[in-house]
Amino acid sequence: MTHRELDDIDLRLLDHLSEHGRSTWRELGELVGLSAPAVAERVRRLEADGCILGYEARVSPEAVGLPIVALVFLAAEAPSYHDDILRWAREAPGVQECHVVAGDFDYVFKIHARNTRELDDYLRTKVRAIPGVSRSRTTIVLTTVKDSRRLPLLPSD
């Protein structure tokens, strides 16, 4: 990723696209006061620079039968297991997010499941079987108040 200064137009484009990724060049141009070709060039540059990582549909977990959300905290037995644990997390289809964290645990995984029985099975047969994990703690999310990938790019009003 190339680091360069982002101007106000870049930030406004990034902010808008993070919420409305399917906007047309014309719509984006009207938003920032540029022509559609000029906006297309800016967005392509933002993509090439690594500011825009991709575009994706946000799928409702409930609508596809995955209403249970769990945060699984893991501690490694030793630093030598770090690469193996991260490799497992990257390859595990049940892990939606994996974060390396500071504190009492070393990692946090976000996992979706159809029900608590499925979650329990996944934890027992998959997560607890990861080589090098010394302990874990699972927290089930009761209600999600906010779930956004949008970054605070623009000053608050």
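Small disclaimer: the values here were computed from a predicted structure and weren't measured.

Parameters and conventions
Residues numbered from 1 in each chain as written. Predicted model: local features only at pLDDT ≥ 70, side-chain atom pairs only at ≥ 80, totals over all residues. Heavy atoms only, no water. Salt bridge = Lys/Arg side-chain N within 4 Å of Asp/Glu carboxyl O. Helix = DSSP H or I, 4+ residues; strand = E, 2+ residues; numbered from the N terminus. Buried < 20%, exposed > 50% of the residue type's maximum accessible area, 1.4 Å probe, protein only. Core = buried A, V, L, I, M, F, W, Y, C linked by side-chain atoms within 4.5 Å. Contact = heavy atoms within 4.5 Å. Phe/Tyr/Trp six-rings, centres within 6.5 Å; stacked < 30°, edge-to-face > 60°. Lys NZ or Arg CZ within 6 Å of the ring centre and 35° of its normal. Axes fitted to C-alpha atoms, helices over the stretch in contact; angles between N-to-C directions. Parallel < 35°, antiparallel > 145°, perpendicular 65-115°, else oblique. Nonpolar A, V, L, I, M, F, W, Y, C, P; charged D, E, K, R; others polar.

Draft legend 1. Molecular detail of the pattern of salt bridges. Scanning the model with the defined rule gives 14 salt bridges in all. Here R12 makes a salt bridge to D8, at a shortest N to O gap of 3.7 Å. Taken together, the positions of R12 and D8, both in helix 1 (residues 8-19) and 4 residues apart, correspond to about one turn of that helix. With a shortest N-O distance of 3.8 Å, D10 and R45 are connected by a salt bridge. Separated by 35 residues along the polypeptide, D10 in helix 1 and R45 in helix 3 (residues 36-48) bring together distant segments of the chain. Look at D10 and you get buried, because its relative accessible area is 1%. Salt bridges sharing partners connect three or more residues here, namely D7, D10, R42 and R45.

Draft legend 2. Representation of the nonpolar core in the model. Membership of the largest hydrophobic core comes to 20 residues, with the highest contact counts inside it found for L74, F109, I111 and V127. The set of elements that each furnish at least two residues to this core consists of strand 1 (68-76), helix 4 (82-91), strand 3 (107-113) and helix 5 (116-125). For this core, the element with the highest residue contribution is strand 1, accounting for 5 residues. Beyond its immediate stretch of four places on either side in the chain, F109 contacts A70, L71, V72, L74, I85, W88, A89, V95, E97, C98 and I130. In terms of nonpolar packing, the next biggest core, distinct from the first, is built from 10 residues, I9, L13, L14 and V43 among them.

Draft legend 3. Structural view of the packing of aromatic side chains. Counted by the stated rule, this structure contains 2 aromatic pairs. On the basis of an interplanar angle of 55 degrees and a centroid distance of 5.9 Å, the ring pair of F73 and F105 is categorised as tilted. You can see F73 sitting in strand 1 and its partner F105 sitting in the loop between strand 2 (95-100) and strand 3, a full 32 residues away along the chain. Relative accessible area serves as the criterion here: at 7%, F105 is assigned to the buried category. R137 extends its terminal NZ or CZ atom over the ring of F73, reaching a point 4.6 Å from the ring centre.

Draft legend 4. Broad picture of the packing of helix 1 against helix 3. The N-to-C vectors of helix 1 and helix 3 enclose an angle of 80 degrees; their axes lie 11 Å apart at closest approach. In terms of their interaxial angle, helix 1 and helix 3 are classed as roughly perpendicular. Here I9, D10, L13, L14 and L17 of helix 1 come into contact with helix 3, specifically with V39, R42, V43, R45 and L46. When its residues are assigned to classes, the contact of helix 1 with helix 3 shows 7 nonpolar, no polar and 3 charged.

Draft legend 5. Quick peek at the environment of G21. Looking at where G21 falls in the secondary structure, it is placed in the loop between helix 1 and helix 2 (25-32). In this structure, the C-alpha to C-alpha distance between G21 and E56, residues 35 residues apart in sequence, is 7.8 Å.

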